[in-house]
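Structural description and commentary
Read off the chains here:
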Amino acid sequence: MYNVSDCKIIDLSQVHNDAGNITVLENNINIPFAIKRIYYLYDVPKKADRGGHGHYELQQYIVAASGSFTFVLDDGVSKKDFFLNDPSKALHIQPGIWREIKDFSSGSICLVLASHEYSESDYIRDYKEYLKYRNDTPII
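Summarised in this report is the structure supplied together with it. (Residues numbered from 1 in each chain as written. Predicted model: local features only at pLDDT ≥ 70, side-chain atom pairs only at ≥ 80, totals over all residues. Heavy atoms only, no water.)

Description of the side chain of Ser115
With respect to the element layout, Ser115 can be found in the loop between strand 9 (109-114) and strand 10 (123-124). Given a relative accessible area of 9%, Ser115 falls into the buried group. Separated by 2.8 Å, the side chain of Ser115 and the backbone nitrogen of Gln59 make a polar contact. Sequence-distant contacts of Ser115, that is, excluding residues within four places in its chain, are made with Phe33, Ala34, Lys36, Glu57, Leu58 and Gln59. (Helix = DSSP H or I, 4+ residues; strand = E, 2+ residues; numbered from the N terminus. Buried < 20%, exposed > 50% of the residue type's maximum accessible area, 1.4 Å probe, protein only. Polar contact = N/O pair within 3.5 Å; in protein donor to acceptor, adjacent residues only side chain to side chain. Contact = heavy atoms within 4.5 Å.)

Regarding the layout of surface pockets
Its boundaries defined by the atoms lining it, the largest pocket holds a volume of some 150 Å³. Taken together, 13 residues make up the lining of the largest pocket; nearest its centre are Tyr39, Leu41, Gly51, His53 and Ile101. Sorting the residues of the lining of the largest pocket by element identifies strand 2 (37-42), strand 3 (50-55), strand 4 (60-66), strand 8 (98-102) and strand 9 as the ones contributing at least two each. At three residues, strand 3 tops the list of elements feeding residues into the lining of the largest pocket. Of the residues that constitute the lining of the largest pocket, the class distribution is eight nonpolar, three polar and two charged. (1 Å grid on protein atoms, 1.4 Å probe; cavity = no way out; pocket = protein on both sides within 12 Å on 5 of 7 lines; lining within 4 Å. Points joined across faces, edges and corners; volume = space filled by probe spheres on them. Nonpolar A, V, L, I, M, F, W, Y, C, P; charged D, E, K, R; others polar.)

Concerning a negative patch on the surface
A cluster of like negative charges, contributed by Asp49, Asp81, Glu100 and Asp103, occupies part of the molecular surface. A relative accessible area of 38% places Glu100 in the partly exposed class. (Patch = residues over 30% accessible without salt bridge, like charges linked within 9 Å, V, L, I, M, F, W, Y side chains within 5 Å. Areas by Shrake-Rupley, 256 points an atom, 1.4 Å probe, with all protein chains shown as cover. Salt bridge = Lys/Arg side-chain N within 4 Å of Asp/Glu carboxyl O. Lys, Arg positive; Asp, Glu negative; His and termini not counted. Charge placed at Lys NZ, Arg CZ, Asp CG, Glu CD.)

Looking at the sheet that holds strand 3
With antiparallel pairing, five strands are arranged side by side in an open sheet as 6-5-8-3-10. Edge strands, defined here as strands with exactly one partner in the open sheet, are strand 6 (79-84) and strand 10. Where strand 5 (residues 69-74) and strand 6 come together, six bridges link them in antiparallel fashion. Looking across to strand 6, one finds that Asp74 is bridged to Lys79. (Pairing = 2+ DSSP bridges.)

Next up, the structure:
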């Protein structure tokens, strides 16, 4: 079972050019999993919060493609905030971590690269159920 301390901000490679920068993300090369799903959040109202769930197996790379927002990660014991505002950095969220997203700036785009296709059975949507899962699962 992973902990919040296992979730990290990753510096992504950049190619600088006078005409703009580019960052490339490749399966199993600079992302430690094969991407099975890509989605993004946008037009999130300023005071709205998103997330509020955990995953049994899913890993994610989160990129602030535009603007900024804060991920609050929780392992049932510890919480940690990750402020994202740089498209050359990604937040790697390990399986078994509860996440909430808040403080979206105007025009922000939250790009999510996921290790699995969508499966409702992988979601833990109730925090009390999440805590029971964490308490019943051995630490790796």
